[in-house]
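A closer look at the structure
Listed below are the residues making up each chain.
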Amino acid sequence: METRWATVDGVTLELPADSTVCELRDGLYKPDDAVLIAVTGDLVAVVHDEDRPLSELVAGCADTYYFRRPGEPDRNELIARLDFEDALEGTEREQNGAETTFQRPGIDH
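The following refers to the structure shown. For every chain, the first residue of the written sequence is number 1, and numbering continues from 1 along that sequence. In view of the model being predicted, local features appear only for residues whose pLDDT reaches at least 70, and side-chain atom pairs are presented and counted only at 80 or more, with totals across whole chains, interfaces and linings using the full set of residues. Here the side-chain values reflect all heavy atoms present in the structure, with hydrogen atoms and water set aside.

**A look at the overall build of the protein chain**
A tally of regular secondary structure across the protein chain gives four helices and six strands. Along the protein chain, helices and strands appear, N-terminal first, in the series β-β-α-β-β-β-α-α-α-β. Sorting the 109 residues of the protein chain into buried and exposed places 36% on the buried side. Between two residues, a contact is recorded if the distance between any of their heavy atoms is within 4.5 Å. In the protein chain, once contacts between residues fewer than 6 apart in sequence are set aside, the share between residues at least 24 apart is 61%. Accessibility throughout is a Shrake-Rupley quantity obtained with a 1.4 Å probe, and a residue counts as covered only by protein chains that appear here. Counting every atom, the protein chain has about 6300 Å² of accessible surface; 45% of that belongs to carbon and sulfur. Secondary structure counts use DSSP, requiring at least four H or I residues in a row for a helix and at least two E residues in a row for a strand, with both numbered from the N terminus. When accessible area is computed with a 1.4 Å probe and restricted to protein chains, residues below 20% of their type maximum are described as buried, those above 50% as exposed, and intermediate ones as partly exposed.

Here it is as structure tokens:
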């Protein structure tokens, strides 16, 4: 199985290329209600389909991931600037149930 390196919640890990959110959450002992946020370049993706391999999503290209729980205090500036209510309930999710992608805040386009 092919692996790659990524940072998850501030720790650099070797991850299987075809891992799913469920597998990551279980392997890293994250709570069931934690949402996976993937950051790659100028894109951010919030993953909704937890059983689809990340390699099939924009999120699979990310080099940084965060697990975030509802009501959790923001751990860094990026997390603080994201509008999760819109990301989790946005129209893009309705059109493409696997993930919601949007431009990373704070980067001039």
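**What about the environment of Gly 60?**
Inspection of the secondary structure assignment puts Gly 60 in the loop between strand S4 (43-47) and strand S5 (64-68). Considering only alpha carbons, one finds Gly 60 and Thr 20, 40 residues apart in sequence, at a separation of 9.3 Å. Once residues within four sequence positions are removed from consideration, Gly 60 is found in contact with Arg 4, Leu 54, Ser 55 and Tyr 65.

**Considering the side chain of Ser 19**
Following the sequence through the fold, Ser 19 ends up in the loop between strand S2 (11-16) and helix H1 (21-27). A polar side-chain atom of Ser 19 sits 3.0 Å from the main-chain carbonyl oxygen of Pro 16. Those residues in contact with Ser 19 that lie beyond four places of it in its chain are Leu 24, Arg 52, Pro 53 and Leu 54. Contacts described as polar in this section are N or O atom pairs within 3.5 Å, which, within protein, must combine one atom able to donate a hydrogen with one able to accept it, while residues neighboring in sequence count only if both atoms come from side chains.

**What to know about a negative patch on the surface**
On the surface, Glu 2, Asp 18, Glu 23, Asp 26, Asp 32 and Asp 51 cluster together into a negatively charged patch. The exposure class of Asp 26 is exposed, given its relative accessible area of 54%. The patch calculation keeps residues exceeding 30% relative accessible area without a salt bridge and links them within 9 Å when they carry like charges or within 5 Å when they are nonpolar (Val, Leu, Ile, Met, Phe, Trp, Tyr). Counted as salt bridges are all cases of a side-chain nitrogen of Lys or Arg within 4 Å of a carboxyl oxygen of Asp or Glu. Charge counting follows a simple rule: Lys and Arg are positive, Asp and Glu are negative, and His as well as the terminal groups are ignored. The location of each charge is read from NZ of Lys, CZ of Arg, CG of Asp or CD of Glu.

**A closer look at the pattern of salt bridges**
Where charged atoms of side chains with opposite charge meet at close range, the side chains can pair. One pass over the structure, following the stated rule, counts five salt bridges. In this structure, the salt-bridge partner of Arg 52 is Glu 56, at a minimum N-O distance of 3.8 Å. With relative accessibility at 31%, the residue Arg 52 sits in the partly exposed group. Note on Glu 56: relative accessible area 53%, which makes it exposed. Salt bridges sharing common partners tie together Asp 49, Arg 52 and Glu 56.

**A short note on the environment of Glu 99**
Relative to the elements of secondary structure, Glu 99 occurs in strand S6 (residues 99-103). Each C-alpha atom, one on Glu 99 and one on Val 44, is 10.0 Å from the other, the two residues being 55 residues apart in sequence. Among residues more than four places away in sequence, those in contact with Glu 99 are Ala 45, Val 46, Val 47, His 48, Leu 57, Val 58 and Ala 59. At a separation of 2.8 Å, a polar atom in the side chain of Glu 99 contacts the main-chain amide nitrogen of Val 58. For Glu 99, the side chain forms a polar contact with the main-chain nitrogen of Ala 59, separated by 3.2 Å.

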